[in-house]
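Fold and geometry: a report
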Amino acid sequence: MSQKRKYYVVWKGKTPGIYSDWKDCEAQVKGEKDAKYKAFETLQHAEAAYRQPYQNHIRPASGGNGRVAGTQNTPTKTVLTTDEHGITVLRPGVTDGPILAAIAVDAACSGNPGVMEYRGVYIPSMSQIFHYRAEKGTNNIGEFLAIVHGLSYLKKHRLDLVLYSDSVNAMKWVRERQCRSKLPLSADTADLWDYVHRAESWLKSNSYTTDIRKWNTDSWGEIPADFGRK
């Protein structure tokens, strides 16, 4: 019986990509420090995985070389709990990874306050689905607005997806339906505060069923919507 073909994703190696032959894959990772690669049963799974962060598919292991035993792209088991703020989080040590049928949001700020922007990313394709920029703001305001924008986007498009954020503070503000930033109202923050008040009004006048979850940065790496400026 002929051996079933496998497809090898190389996230980190000489030439990242998808390979249908182990020898080709091995040539990209052999001798490479911190190479990241994994085999998948179908090309479809491999292509989807390649568009995602390697942390979504490779569990950290002490003394490992980046390869995970087993090649099945098995759905992850998720066990949830609620923290002291009433926010849904993943229980440490129980889940292998995040839910992939989800969107992720994140914010970045050049200075605090400073030029602020946030965005939302559809995790399966790693495509940006919305983006906003303000000339003066804070990271916490951006994280808050990103979640609200994500909630509004999912409701408008009738999408039943998980929403990930890595900001516990912003998740708490969303739950309270109020942005508690102390950024002063001034001529250069007036437009941003108007946007914040509209977001608060949306929260108070709309219901939603979206499952908002905390992104586990320690286990999964940076959130897919991260701007990569750390």
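From a predicted model like this one, the values you see are computed outputs, not experimental measurements. (Residues numbered from 1 in each chain as written. Predicted model: local features only at pLDDT ≥ 70, side-chain atom pairs only at ≥ 80, totals over all residues. Heavy atoms only, no water.)

**Regarding helix α3 (residues 139–156)**
Look at α3: 25 Å from first C-alpha to last across 18 residues, which is about the 26 Å you get at 1.5 Å a residue. The set of residues buried in α3 consists of I141, G142, E143, F144, L145, A146, I147, V148, G150, L151 and L154. In the stretch just after α3, R158 is the one whose phi turns positive, near 55°. (Helix = DSSP H or I, 4+ residues; strand = E, 2+ residues; numbered from the N terminus. Expected span 1.5 Å × (residues − 1). Buried < 20%, exposed > 50% of the residue type's maximum accessible area, 1.4 Å probe, protein only.)

**Concerning the pairing of strand β7 (residues 114–122)**
For β7, the tally of buried residues reaches seven of nine residues, placing the bulk of the element in the interior. As paired elements, β7 and strand β8 (residues 127–137) share eight bridges and run antiparallel to each other. In the sheet register, V121 faces β8, and the bridge partner there is Q128. The turn joining β7 and β8, which pair antiparallel and follow one another in sequence, is formed by four residues; a positive phi near 55° is taken by M126. (Pairing = 2+ DSSP bridges.)

**Thoughts on the pattern of salt bridges**
Summed over the entire model, instances satisfying the criterion amount to nine salt bridges. With its nearest N and O atoms 3.7 Å apart, the salt bridge here joins E32 to K14. Of the two residues, E32 sits in the loop between α1 (22–29) and β3 (36–40) while K14 sits in the loop between β1 (7–12) and β2 (17–19), which places them 18 residues apart along the sequence. Take E32: its relative accessible area is 33%, and that puts it in the partly exposed class. Residue K172 is joined to E176 by a salt bridge in which the shortest nitrogen-to-oxygen separation is 2.6 Å. Of this pair, K172 and E176 both sit in helix α4 (residues 168–176), four residues apart, which is roughly one turn of that helix. Judged by its relative accessible area of 30%, E176 falls in the partly exposed class. (Salt bridge = Lys/Arg side-chain N within 4 Å of Asp/Glu carboxyl O.)

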